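Observations on the three-dimensional arrangement
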Amino acid sequence: MSRRKRTPEWEFLRYVTLGQYLPTGSFIHRMHPAFKLLVFGLLVAAVTFSQTITVNLILLVTMVVLVRLARVPVRHALEGVRLALPALLVMAVFQVLLPPKMVTMAGSDGACLSLWAWQRFVVTDCSLRLVVVSVARLIELIVLTTLLTSSTTTTELAYGTEALLSPCRRLGLPAHQLAMVVTIALRFVPTLALQMERIVKAQTARGADFGLDGRWRFIRMIRRLLPLLVPLFLVSLRRSETLVVAMAARGYTGNARRSHRIRQRVRPADYLALGIAGAFCVLMFVLDFKA
Amino acid sequence: METSVQSTTVGVRRVVISGIMVAVTVLLGMLPVGGFIPFPTGVNATTLHIPAIIGGILEGWQVGGIIGLCFGLFSFLRASTPLFKDPLVAILPRIFIGITAYLAYKGLQRFEERLAIGVAAGVGTATNTILVLGIAVWRGYLAPDLAATIAVTHGLPEIVVAVVITLAVVVAWRQIASRRGGSSV
């Protein structure tokens, strides 16, 4: 090889970062996981469907309050925003200069005020509003997801999912199985990372080259993926066969009523938080529809 | 032994295979190699939807749908672009990847097994591309012509990658299931 290539690190476990849990013991940390997930869902809905600057300002303030309430360091909460900054800037520039056609048409009275124009680039107040709203929305969503992962352990997440879905069991929705899927997945990511490391090393020993090439050599990159991905899939399928036998041998059937070693208790504060979040969500929808 | 064990473990197998395939998805999404193929356009082509396709073909539409749902949740939680921080774009389309792949596979299985697997992979990938871009246009993130360009420049290579990998994995797995052996890595 004449040219030096950037090779990726081979210690794959380093890349496995699932939700950095920060045990600050705040109210948000101590919430019942099912209620926390519900509140999270309501807030995500409020953010996703927010269309106006006013609503987004309120939502941004809410995020600040929530971060304080969770006692998560502001730096940690904004880390995701920092990572997203380049994409955010590019998106903002594109949306200002080349807004999607529906935006230019969809002013409340059908017309947008043109603020600046040069050749085919036109900046209107509609496109500016769109940019402000979508940047704010993105920041809110990033802060929300960071808050969830830093205040909830993965076990609690699986427990919460199961508790939330258990009323749907009557409709035939396998709540317990879904939670088990999540638990198995989270448990096996590090195991499979080690497996992947072995595959990469084995294939390198056989002469494969996994250096990162430039973007123009994507066909070569694709051909390189085959000797990695095919063994990875086969090894994981074989592992799952073993796990099936192991679980069945221990009497796991999946449909029996199973109990938990640790039981989370629902407190009045959980209902209160859910009520506040629900009212807040409705308020945001109303404000949006009015505008 | 084979039949009696299998009849009691169908439910367990579905749960386990879904879980492990979700783990593969999550892992590929985190590692520097495997999950994304950098393209000259600056946008990456992905292989993260392949576990949903494989799960759908091997274990049915429920498994495909669950893997897709978890893939969607994962990409929503980790997204750093506005497009995928929208749950409607990140989560909803992904549920259908494994389902359409399963339907295509079942529909064509009568004619030729390999053809069915290949087409199922193509259909699953196309479902992902078309639904994600379609909803992105509907939600106003992308202009329609830009979305159409991305569909051609990224959708087609993604289909090729998915077809090749899915075929190799499913064919090899079905054979391994009948006569065990071979390299462990």
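The following paragraphs examine the structure supplied in this document.

Rules behind the numbers
- Per chain, the residues get numbers from 1 upward, laid out in the order the sequence is written.
- Chain letters and ligand numbers both follow the written order, the letters beginning at A and the numbers at 1.
- In keeping with the predicted nature of the model, local features appear solely for residues at pLDDT of at least 70, side-chain atom pairs appear and are counted solely at 80 or more, and the whole-chain, interface and lining totals rest on all residues.
- Water and hydrogen atoms were dropped before computing side-chain values, which therefore reflect all heavy atoms in the structure.
- Pairing of aromatic rings covers Phe, Tyr and the six-membered ring of Trp, with a centre-to-centre limit of 6.5 Å; geometry is then stacked below 30 degrees between planes, edge-to-face above 60, and tilted otherwise.
- Only runs of H or I of at least four residues qualify as helices and only runs of E of at least two qualify as strands under DSSP, and these elements are numbered from the N terminus.
- Relative accessibility decides the category of a residue: with a 1.4 Å probe and only protein chains considered, values under 20% of the type maximum give buried, values over 50% give exposed, and everything between is partly exposed.
- Throughout, an axis means a line fitted to C-alpha atoms (over the contacting stretch in the case of helices), and angles, computed between N-to-C directions, take values from 0 to 180 degrees.
- Throughout, the term roughly parallel applies to angles under 35 degrees, roughly antiparallel to angles over 145, roughly perpendicular to angles from 65 to 115, and oblique to all others.
- What makes a crossing left-handed is the near helix being turned counterclockwise from the far one by less than a right angle; a clockwise turn instead makes it right-handed.
- Residue contacts follow a heavy-atom distance rule, with two residues in contact if any of their heavy atoms lie within 4.5 Å.
- By the convention adopted, Pro, Cys, Tyr, Trp, Phe, Met, Ile, Leu, Val and Ala count as nonpolar, Lys, Arg, Asp and Glu as charged, and the other residues, Gly among them, as polar.
- Summed over both partners, the accessible area lost on bringing two parts together, with a 1.4 Å probe, is the buried area.
- Salt bridges are defined by distance alone: a side-chain nitrogen of Lys or Arg within 4 Å of a carboxyl oxygen of Asp or Glu.
- Under the rule applied, a polar contact is a pair of N or O atoms within 3.5 Å (in protein, one hydrogen donor and one hydrogen acceptor; residues adjacent in sequence only if both atoms are side-chain atoms).

Let us look at the packing of aromatic side chains. Residue and element names in this part refer to chain A. On inspection of all chains with the given rule, the structure shows two aromatic pairs over all chains. Centroid distance Phe-35 to Tyr-271: 5.0 Å. Interplanar angle 75 degrees. Geometry classified as edge-to-face. Within this pair, whereas Phe-35 is found in helix 2 (residues 33–48), its partner Tyr-271 is found in helix 10 (residues 268–290), the two being separated by 236 residues in sequence. Phe-35 gets classed as buried once you look at its relative accessible area, which sits at 10%. Among the residues examined, Tyr-271 registers a relative accessible area of 53% and is labelled exposed. Note on Phe-49 and Phe-285: the rings are 6.3 Å apart at their centroids and 50 degrees apart in plane angle, and the pair reads as tilted. Note that Phe-49 is positioned in the loop between helix 2 and helix 3 (53–70) and Phe-285 in helix 10, a separation of 236 residues in sequence.

A pair of packed helices is captured by two measures, namely the crossing angle of their axes and the spacing between those axes. Residue and element names in this part refer to chain B. With their axes 6 Å apart at the nearest point, helix 2 (residues 50–59) and helix 3 (residues 61–78) run at an angle of 165 degrees to one another. Compared by their axis directions, helix 2 and helix 3 come out roughly antiparallel. Viewed along their axes, helix 2 and helix 3 form a crossing whose handedness is right-handed. Judged by residue contacts, Pro-51, Ala-52, Gly-55, Gly-56 and Glu-59 of helix 2 engage Trp-61, Val-63, Gly-64, Ile-67 and Gly-68 from helix 3. A class-by-class count of the residues in the contact of helix 2 with helix 3 yields five nonpolar, four polar and one charged.

By the element assignment, Thr47(B) lies in the loop between strand 2 (44–46) and helix 2. A relative accessible area of 0% means that Thr47(B) is categorised as buried. If we ignore the near neighbours within four places in the chain, the residues touching Thr47(B) are Leu225(A), Leu229(A), Leu28(B), Gly34(B), Gly35(B), Ile37(B) and Val161(B).

On to the interface of chain B and chain A. Taken together, the contact between chain B and chain A spans 62 residues of the former and 64 residues of the latter. For the pairing of chain B and chain A, the buried interface totals around 5,900 Å² over both sides, and the portion due to carbon and sulfur atoms is 80%. Inspection of the region where chain B meets chain A yields one salt bridge. Across the pair Arg13(B) and Glu241(A) runs a salt bridge, and its minimum N-O distance is 2.5 Å. Along the contact surface separating chain B from chain A lie two residue pairs in polar contact (both at pLDDT 80 or more). Residue assignment for the side of chain B that touches chain A shows that the elements contributing at least two residues are helix 1 (2–30), strand 1 (36–38), helix 2, helix 3, helix 4 (87–90), helix 6 (113–138) and helix 7 (144–178) of chain B. Looking at which element gives the most residues to the side of chain B that touches chain A, the answer is helix 1 of chain B, with 17 residues. Its residues assigned to classes, the side of chain B that touches chain A comprises 44 nonpolar, 13 polar and five charged.

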